[in-house]
Amino acid sequence: MLTSLYLNTSTSARILSVAFTFFVMGFIAAPAGSEAFGQFPQQRRLEERERRQAEAERRREAQNEQELAARDAVPRPRAAVMNVNVQMALTTANAKNFEEARARAAKRVSDGETLWMHLKFQGKLGDYVLTFRDEESGTLRYVLYAETGPQDDPTALAKYVIEFAKEDLASSEIVVSLTPLSPGQKLSTPVLLATAATRQPGIWNSELRITNNPIIPRAPTDNLAKLSFALDLGQGNGRYSGLWAGFHDFGMSGPAADTALPVARSFYSLPIKTAIQNHLTEKGIEPVRFFFAQDHWLETLPSATSKVRERNITAIFTYKKGEECFFGSATAGQTYSLLNSKFDDAKIDSRVGMPLDCKELQ
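Quick caveat: nothing in here was measured; it's all calculated off a predicted structure. (Residues numbered from 1 in each chain as written. Predicted model: local features only at pLDDT ≥ 70, side-chain atom pairs only at ≥ 80, totals over all residues. Heavy atoms only, no water.)

What is the right way to look at the pattern of salt bridges in this model?
Pairing between side chains of opposite charge can happen when their charged atoms approach one another. According to the stated counting rule, one finds 15 salt bridges in the structure shown. Here Glu207 makes a salt bridge to Arg209, at a shortest N to O gap of 2.9 Å. Here the two residues Glu207 and Arg209 agree in accessibility, since each one is buried. Residue Lys226 pairs with Glu207 through a salt bridge whose shortest N-O separation is 3.8 Å. Of this pair, Lys226 sits in strand β9 (residues 223-233) while Glu207 is found in strand β8 (residues 202-211), placing the two residues 19 residues apart along the sequence. Take Lys226: its relative accessible area is 27%, and that puts it in the partly exposed class. Through salt bridges with shared partners, a single network forms among Glu147, Lys159, Glu207, Arg209, Arg218 and Lys226. (Salt bridge = Lys/Arg side-chain N within 4 Å of Asp/Glu carboxyl O. Buried < 20%, exposed > 50% of the residue type's maximum accessible area, 1.4 Å probe, protein only. Helix = DSSP H or I, 4+ residues; strand = E, 2+ residues; numbered from the N terminus.)

Here it is as structure tokens:
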């Protein structure tokens, strides 16, 4: 009986001892647990701050993307009714404004006559040009397309790009030479010369069209302006053919004493310059002076006289052989590849050996 009581008392003591130990441990651990629970609001505040910072960064990135898109966006041409929003007149002498040009409009053009195209816009030129970003330079280009064809026939006999400078876009009237002496002549197109040079003797009822749509075929309503005229080649096309040939060689058919050197223009392309200089090196020519003689590529689109899209640019250079001085021209031509969706590598053609006064070498 006593033994049993002792065992029970001893067991109870041990139980009480263990319980007391756990109570003390829990008391000691309680402050640490309270501290951990106290950290949860601080952690939530930190996470909320990081979330707000990430959201602000996303908004900044979205705003930057919108600003870049707005900067790189190109305007679309304004909708136009043919011969209403854009009007055209042809003259054989330059007129001081469109009203004078319309009063003196030429209905018949004879071989060799100087010809001007006058355009008047409801608004300004910049409302109607086709604007796009050049793949090579990244700069914006502003163009219209000039086209000749038979009267009341959608066929295009010749089609050329007319390219404008940014400062031209504010003009409500422009004048374009249709009988330019060289590709370096500003605001000009050889579309008439290219057409007349391929015509047989006779009187050709023709159309001159202006559009901002390069697609072929296109609806007649896609023309901005269209004008009919008679191309009188009854005595042949000798004069226009001569002007066409002179256009290609910048009129440089003799010594510089007889033909002034072209002036330097704004066009520049390092790849084209390098290709021309490599071509000249192969000919043993080291240019003293080198410059491009055009502001823009001379670009043709497919037509009856040119089945492919192509463009060319001409550079002028001076050089010395012994004690004699010379100048020459080099034309870089590129053909557009439909397969690669870009212009192929340039092919270079040059004319050299034209005498030059050594005072003009530099």
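Please clarify how the nonpolar core should be interpreted in this entry.
Nonpolar side chains tend to gather and get buried jointly when the protein is soluble and globular. In this structure, Met117, Phe164 and Ile210 are the most contacted members of the largest nonpolar core, which totals 39 residues. When residues of this core are assigned to their parent elements, the largest contribution, six residues, is made by β9. Sequence-distant contacts of Phe164, defined by excluding residues within four places in its chain, comprise Leu125, Val129, Tyr142, Val143, Leu144, Leu169, Ile174, Leu187 and His296. Judged by nonpolar contacts, the second largest core, of 15 residues, contains Ile276, Leu280, Phe290 and Tyr319. (Core = buried A, V, L, I, M, F, W, Y, C linked by side-chain atoms within 4.5 Å. Contact = heavy atoms within 4.5 Å.)

Is there a simple way to explain the confidence of the model for the protein chain in this structure?
Do not read the fine detail of predicted coordinates wherever pLDDT is low. On average, the protein chain scores 85 in pLDDT, and the residues at 70 or more come to 84%. When the criterion is pLDDT under 50, residues 1-13 qualifies, and its contacts beyond four places in sequence or with other chains add up to zero contacts. (pLDDT = per-residue confidence, 0-100.)

Sorry if this is basic, but what is going on with the packing of aromatic side chains here?
Counting across every chain of the model gives nine aromatic pairs. Seen from their ring centres, Phe121 and Tyr128 are 5.8 Å apart, and the 20 degrees between their planes marks the pair as stacked. For Tyr128, a relative accessible area of 0% translates into the label buried. An angle of 80 degrees between the planes, with centres 5.1 Å apart, marks the rings of Tyr336 and Phe343 as edge-to-face. Using a relative accessible area of 23% as the deciding quantity, one classes Tyr336 as partly exposed. On the accessibility criterion, Phe343 (15% relative accessible area) is buried. By way of ring pairs, the aromatic residues Phe267, Tyr268, Phe290, Phe292 and Trp297 are connected into one cluster. The positively charged end of Arg199 is found above the aromatic ring belonging to Trp204, 4.9 Å away from the centroid. When the ring centre of Tyr336 is taken as origin, the NZ or CZ atom of Arg309, which lies over that ring, is 4.5 Å away. (Phe/Tyr/Trp six-rings, centres within 6.5 Å; stacked < 30°, edge-to-face > 60°. Lys NZ or Arg CZ within 6 Å of the ring centre and 35° of its normal.)

Sorry, what's going on with the state of the cysteines here?
By definition, a disulfide links two cysteine residues through a covalent bond between their sulfur atoms. Counting across every chain of the model gives one disulfide. Put simply, Cys325 and Cys358 are joined by a disulfide, and their sulfur atoms are 1.9 Å apart. Around the S-S axis, the bridge from Cys325 to Cys358 shows a dihedral of about 105 degrees and counts as right-handed. With a gap of 33 residues between them, Cys325 in strand β13 (residues 324-337) and Cys358 in the segment after β15 (347-355) connect regions that are remote in the sequence. Its relative accessible area of 37% is what places Cys358 among the partly exposed residues. (Disulfide = S-S within 2.5 Å.)

How do you make sense of the sheet that holds strand β7 (residues 173-177) when you look at a structure like this?
What links the strands of a sheet is backbone hydrogen bonding, and the strands pair in either a parallel or an antiparallel sense. The antiparallel open sheet is built from three strands, whose spatial order is β1-β3-β7. Taken across any chain shown, the strands that pair with only one partner, and hence form the sheet edges, are β1 (86-91) and β7. Ignoring which end each strand starts from, the neighbouring axes of this sheet average 20 degrees apart. Two elements, β1 and strand β3 (residues 116-121), share six bridges in a ladder whose sense is antiparallel. When the sheet's bridge partners are listed, Gln87 is paired in β3 with Lys120. (Pairing = 2+ DSSP bridges. Axes fitted to C-alpha atoms, helices over the stretch in contact; angles between N-to-C directions.)

How do you make sense of the pairing of strand β12 (residues 310-321) when you look at a structure like this?
When a strand is regular, its side chains alternate between the sheet's two faces. Pairing analysis gives four bridges linking strand β10 (residues 289-292) to β12, with the strands arranged antiparallel. Paired with Phe292 across the strands is Ala315, a residue of β12. Alignment of strand β11 (residues 298-300) against β12, held across three bridges, turns out to be antiparallel. From the neighbouring strand, Leu298 faces β12, where its bridge partner is Asn312. The sheet contact formed by β12 and β13 spans twelve bridges and is antiparallel. Counterpart to Thr314 in the pairing with β13 is Thr331. Here β12 folds back onto β13 in antiparallel fashion, the turn holding two residues, of which Gly322 has a positive phi close to 65 degrees.

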